[in-house]
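Here is what each chain is made of, one letter per residue.
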Amino acid sequence: MRAVDNLSLSVEPGQFLVLLGPSGCGKSTVLRMIAGLEDITEGELLLDGAYANDIPPHERDMAMVFQSFALYPNMTSRENIGFPLRVQDPHADRNPRVETTARMLGIEDLLERYPRQLSGGERQRVAMGRAISRRPSAFLMDEPLSNLDAKLRSYLRAEIAQLTAELGVTTIYVTHDQAEAMSLGHRVAVMRGGVLQQVSTPRELYALPENVFVAAFIGTPRINLLQAVLHAPLGHRMSIDLGRQRLPLPEPLNPDHQLLRIQQGRQIIVGLRSEAVRIAPPSQARPGEIALTGIVQHMEYQGHESLVHLDTGSTPAVVADLESPRPQSPGRGRANTGPGILTRIKDRALAQIAAPVAVLDPPQPPRERSVSAGDFVVRSWPDLRLRTGAQVPLLMDLAHLYVFDHLGRRICPAPADLPGLEV
Ligand SMILES: Nc1ncnc2c1ncn2[C@@H]1O[C@H](COP(=O)(O)OP(=O)(O)OP(=O)(O)O)[C@@H](O)[C@H]1O
Ligand SMILES: [Mg+2]
């Protein structure tokens, strides 16, 4: 099995690049290859333009920060932060550099403490201090915040952004948390099953995901993805068949919608982010908005908003790798109980061949009496109260329509390079 396959990626000096993807997709392996801790079986690693596959890790001038803090337990924070400086030059006075570093991180008062006397967040800052004290040419960070609670994580996230910008040091940061990736990265590289899916700015990833996996991985609540069939009879209005309901495309067609004609009669995947849909009656439709209905399955109160889970009578598209849970540690419980094992095997198999991203027509379990998770999520104001089973009118803004082909590749908005269209 290949942990990473055919990856091509470049990072500009001073840039903050995030490697993002689900568990086991090869993020840490990539980072370890860059650090020199993992052999590269095929291909080249260039550092400052020079071939670097054979350079031993300690000569690469990179500092790594791991998820597990890995401080020396018998050293104080001062000694931990100063340690890389001691290795560099055993006789130099390390204190000024250690103190500047501690000031940057707001841990001046903790310098005489041992790791066991520090909280998780404080330890992580000391670990960060140890990484930056000798001003490396690059930082490699592997999920450095994932052991911390949500509040501290978002606080330290802002600090990392500020610190790396201040130091201007090239940073490669690994995470499986899309919100972290979006808020930190100048560029984000999304990986799946060892294969790079897309590398773009956070904005472009969100607005123009190249495939259904990237679309589904980026953004909360997750984009609504529905299986559909496209109808484009000559001389008639084009429409998208969603199962129980149909989306007529507004006339005149915009160029992106016109290009969908070639999918006539084919299975496609429709993507609608929650901001493309609102709860409102057809009478309030603006130009380009199409009416649909949904049946309320359940409401999720979030404080500043509520998420309404609806059943629109469509079949959600299953995205390989995304649906599979993080692997459990062996020996705990019986792994083959309950649903999902077949899906996981299928996902694994799909990850190996790494071609299609979507799985259409999964075997449908018989619908339980009334409660289903719904196939569609819409945002609403927090005070909205809706009864389970109530029918609500929806307006969809088709300017924000995404369409993916049966393999999960985006076809609307049309990709910049239109493969196969010259024929
Ligand atoms: N030393 C190893 N020997 C064999 N296989 C390995 C080794 N290290 C990792 N793998 C496998 O390579 C794949 C990628 O692993 P990697 O640790 O890079 O994933 P990751 O994206 O960092 O995941 P996570 O988010 O869980 O840390 C996984 O399938 C993993 O089981
Ligand atoms: Mg990892």
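Every value quoted in this text rests on a predicted model; they were computed, and no experiment measured them. (Residues numbered from 1 in each chain as written. Chains lettered and ligands numbered in written order. Predicted model: local features only at pLDDT ≥ 70, side-chain atom pairs only at ≥ 80, totals over all residues.)

**With respect to the overall build of the chain**
So, step 1. Tallying secondary structure elements over the chain gives 10 helices and 21 strands in all.
So, step 2. Within the span of the chain, comprising 423 residues, buried residues form 36% of the whole.
So, step 3. Contacts in the chain between residues far apart in sequence, at least 24 positions, make up 72% of those at least 6 positions apart. (Helix = DSSP H or I, 4+ residues; strand = E, 2+ residues; numbered from the N terminus. Buried ≥ 20, exposed ≤ 12 C-beta atoms within 10 Å, placed from the backbone. Contact = placed C-beta atoms within 7 Å.)

**Quick notes on the environment of L45**
So, step 1. You can see L45 is positioned in the loop between α1 (27-35) and β2 (46-47).
So, step 2. Distance in space between the C-alpha atoms of L45 and L9 is 9.8 Å, their sequence separation being 36 residues.
So, step 3. Contacts of L45, omitting those with residues within four sequence positions, involve M33, I34, I40, A52 and N53.

**Examining the environment of N80**
So, step 1. Turning to its location among the elements, N80 is positioned in helix α2 (residues 77-88).
So, step 2. Look at N80 and you get buried, because 25 C-beta atoms sit within 10 Å.
So, step 3. Each C-alpha atom, one on N80 and one on P115, is 9.2 Å from the other, the two residues being 35 residues apart in sequence.
So, step 4. The contacts of N80, once residues within four sequence positions are left out, are L71, Y72, M75, V126 and R130.

**Section: α1**
Since there are 3.6 residues in each turn of an α-helix, residues three or four apart along the chain are aligned in direction.
So, step 1. Buried residues dominate α1, accounting for eight of its nine residues.
So, step 2. Residues of α1 that are buried: K27, S28, T29, V30, L31, R32, M33 and I34.
So, step 3. The inward-facing, buried residues of α1 abut β1 (16-20), β5 (138-142), β6 (170-175) and β7 (187-192).
So, step 4. G36, located one to two residues past α1, shows a positive phi value of around 90°.

**Quick word on the site of ligand 1**
So, step 1. Residues in close proximity to ligand 1 include A3, G21, S23, G24, C25, G26, K27, S28, T29 and H176, which together make up its full environment.
So, step 2. Tallied by class, residues from the shell around ligand 1 come to two nonpolar, seven polar and one charged. (Near = placed C-beta within 6 Å. Nonpolar A, V, L, I, M, F, W, Y, C, P; charged D, E, K, R; others polar.)

**Thoughts on the confidence of the model for the chain**
So, step 1. Across the chain, the average pLDDT comes to 85, with 86% of residues at or above 70.
So, step 2. In the model, residues 324-339 has pLDDT below 50 throughout and makes eight contacts with residues more than four positions away in sequence or in other chains.
So, step 3. Long-range and interchain partners of residues 348-354, a stretch whose pLDDT sits below 50, account for nine contacts in this model, where long-range means more than four residues apart. (pLDDT = per-residue confidence, 0-100.)

**A look at the sheet that holds strand β8 (residues 195-200)**
So, step 1. Strand order in the open sheet formed by six strands is β4-β5-β6-β1-β7-β8, and the pairing between neighbours is mixed. The sheet terminates laterally at β4 (62-65) and β8, the two strands that pair on one side only. Between one strand and the next, the sheet's axes are offset by a mean angle of 15°, whatever the strand orientation.
So, step 2. In terms of strand pairing, β4 meets β5 through four bridges, oriented parallel. (Pairing = 2+ DSSP bridges. Axes fitted to C-alpha atoms, helices over the stretch in contact; angles between N-to-C directions.)

**A closer look at the nonpolar core**
So, step 1. V18, L19, A189, V212, I269, V270 and V403 are the most contacted members of the largest nonpolar core, which has 89 residues in total.
So, step 2. Here this core takes six residues from helix α8 (residues 212-217), the largest share from any one element.
So, step 3. The residues touching V18, leaving out its near neighbours within four places in the chain, are Y173, T175, A181, L184, G185, V188 and A189. (Core = buried A, V, L, I, M, F, W, Y, C linked by C-beta atoms within 7 Å.)

**Notes on the sheet that holds strand β9 (residues 224-231)**
Backbone hydrogen bonds hold the strands of a sheet together, and the pairing may be parallel or antiparallel.
So, step 1. Pairing within the open sheet is antiparallel, and its six strands lie in the order β11-β10-β9-β12-β20-β21. Each end of this open sheet is capped by a strand with a single partner; those strands are β11 (246-248) and β21 (410-412). Strand-to-strand, the axes of this sheet are offset by a mean angle of 40°, without reference to chain direction.
So, step 2. Of the pairings in the sheet, the one linking strand β10 (residues 239-241) to β11 comprises three bridges and is antiparallel in character. Bridged to I240 within β11 is L247.

**Focus: the packing of helix α3 (residues 95-105) against helix α4 (residues 120-132)**
So, step 1. Between α3 and α4, the shortest axis-to-axis distance is 10 Å and the interhelical angle comes to 135°. When the interaxial angle is binned, α3 and α4 end up oblique. Where α3 crosses over α4, the handedness of that crossing is right-handed. Residues T101, A102 and L105 of α3 pack against R125, M128, G129 and I132 of α4.
So, step 2. Along the lines of polarity and charge, the residues of the contact of α3 with α4 split into four nonpolar, two polar and one charged. (Parallel < 35°, antiparallel > 145°, perpendicular 65-115°, else oblique. Left-handed = near helix turned anticlockwise from the far one by under 90°.)

**Some thoughts on unusual backbone geometry**
So, step 1. Cis peptide bonds are those with omega within 30 degrees of zero, and the linkage from T220 to P221 qualifies with -10°.
So, step 2. Cis geometry is found at the peptide bond from C412 to P413, where omega equals -5°.
So, step 3. Here P413 is to be found in the segment after β21.
So, step 4. Of note, D61 is a non-glycine position whose phi angle comes to about 55°, a positive value.
So, step 5. Mapped onto the secondary structure, D61 falls in the loop between β3 (50-51) and β4.
So, step 6. The phi dihedral of E143 is positive, around 45°, even though this residue is not glycine.
So, step 7. When you line up the elements, E143 lands in the loop between β5 and α5 (150-167).
So, step 8. Residue E143 is classed as partly exposed on the basis of its 19 C-beta neighbours within 10 Å.

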